[in-house]
Each structure stands twice: as C-alpha cells, then as structure tokens.
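# Close look at the chain arrangement
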Amino acid sequence: YMNRHKVGLALGAFAGLVHIVWEFLIFLGWAQPLMDFVTNLHSLNNLYTVEPFNLGQAVGLIVLASIVGYIVGFVFATIFNKFHK
C-alpha cells in the first residue's frame, strides 16, 4: 500500500527541485550551453533560446512543477493501490 499524500509530496518535491536546479542554471548563464550540448548529443539542432533569468517566472515554474508533480504522484499511488489490494 502506498500513502497517496506522501507519494504526491515526494514527487512534487522532486519535480520542484529539478526546476530549482534548472532556474539556477539559467541564473548562472549555463542553461543555454547545457541545452546546446544535450541536443547536439542527440544529433539535433537546438531551436530554442533560453531567456534571461526572471525571478517571477522562476517562482511560477517551480510552484507549477511542484503542484503537477504532487498530482501525478497522488494519481500514481491511487492507481497502484487499486491494482495491489
């Protein structure tokens, strides 16, 4: 049995943390070179340009990612519990 709230919190926290790291990379000016490197490894041209750091956008992204992560974790645990009774 999975506690739906705890799984939601764990996945929400992880999603938020990943996006905090991404925003920190943008703040440092390292996001564009990293994105260019990763897309090049996949034999792709990078069509996107990273915009300058914006604190309001950063907070919005982190909050939204955390909420969506919580919902996905909650739904996953609910489905898991239905199949493993």
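The preceding data block contains the structure.
Here's a quick rundown of the structure. (Residues numbered from 1 in each chain as written. Predicted model: local features only at pLDDT ≥ 70, side-chain atom pairs only at ≥ 80, totals over all residues. Heavy atoms only, no water.)

## Re helix α1 (residues 4–28)
Just so we agree on the cut-off: Each helix is a run of H or I in the DSSP string that is no shorter than four residues. Each strand is a run of E no shorter than two, and both are numbered from the N terminus. For a helix, the expected span equals 1.5 Å multiplied by the number of residues minus one. Exposure is judged per residue with a 1.4 Å probe applied to protein chains only, and the accessible area is read against the type maximum: over 50% gives exposed, under 20% gives buried, and values in between give partly exposed. Contacts are assigned to residue pairs with any non-hydrogen atoms lying within 4.5 Å of each other. Polar contact is defined as a pair of N or O atoms within 3.5 Å, subject to the rule that within protein one atom must be able to donate a hydrogen and the other to accept it, and that residues adjacent in sequence are counted only when both atoms are side-chain atoms.
The terminal C-alpha atoms of α1, which comprises 25 residues, lie 36 Å apart, in line with the 36 Å expected from a rise of 1.5 Å per residue. Here α1 has its buried residues at Gly8, Gly12, Ala15, Gly16, Glu23, Leu25 and Ile26. Looking at the buried residues of α1, the elements they touch are α2 (31–41) and α3 (55–83). Capping the start of α1, asparagine 3 holds a side-chain oxygen 3.0 Å from the backbone nitrogen of histidine 5, two or three residues further along. A positive backbone phi angle near 85 degrees is found at glycine 29, which sits one or two residues after α1.

## Notes on the packing of aromatic side chains
Using the following cut-off: What counts as a ring pair is set by centres within 6.5 Å for rings of Phe, Tyr and Trp (its six-membered ring), and what kind of pair is set by the plane angle: stacked under 30 degrees, edge-to-face over 60, tilted for all other angles.
Evaluated as defined, the whole model comprises 3 aromatic pairs. Measuring from centroid to centroid gives 5.3 Å for phenylalanine 27 and phenylalanine 53, while their planes differ by 80 degrees, and the two rings are edge-to-face. Note that phenylalanine 27 is positioned in helix α1 and phenylalanine 53 in the loop between α2 and α3, a separation of 26 residues in sequence.

## Observations regarding the environment of glycine 56
Relative to the helices and strands, glycine 56 resides in helix α3. For the pair glycine 56 and asparagine 46, spaced 10 residues apart in sequence, the C-alpha to C-alpha distance is 25 Å.

## Thoughts on the packing of α1 against α3
Between two packed helices, what matters for the description is the angle formed by their axes and the separation of those axes. Inclusion rule: To obtain an axis, a line is fitted to C-alpha atoms, over the contacting stretch when the element is a helix, and the angle between two such axes runs from 0 to 180 degrees between their N-to-C directions. Orientation is classified from the angle alone, with under 35 degrees giving roughly parallel, over 145 giving roughly antiparallel, 65 to 115 giving roughly perpendicular, and any other angle giving oblique. Left-handed describes a crossing whose near helix is turned anticlockwise from the far helix through less than a right angle; right-handed describes the clockwise counterpart. When residue character is reported, Ala, Val, Leu, Ile, Met, Phe, Trp, Tyr, Cys and Pro are called nonpolar, Asp, Glu, Lys and Arg charged, and the others, Gly included, polar.
Put simply, α1 and α3 touch, their axes get as near as 6 Å, and they point 150 degrees apart. Here α1 is positioned roughly antiparallel relative to α3, judged by the angle of their axes. Here the hand of the crossing between α1 and α3 comes out right-handed. Residues of the contact of α1 with α3, tallied by class, amount to 14 nonpolar, 10 polar and 2 charged.

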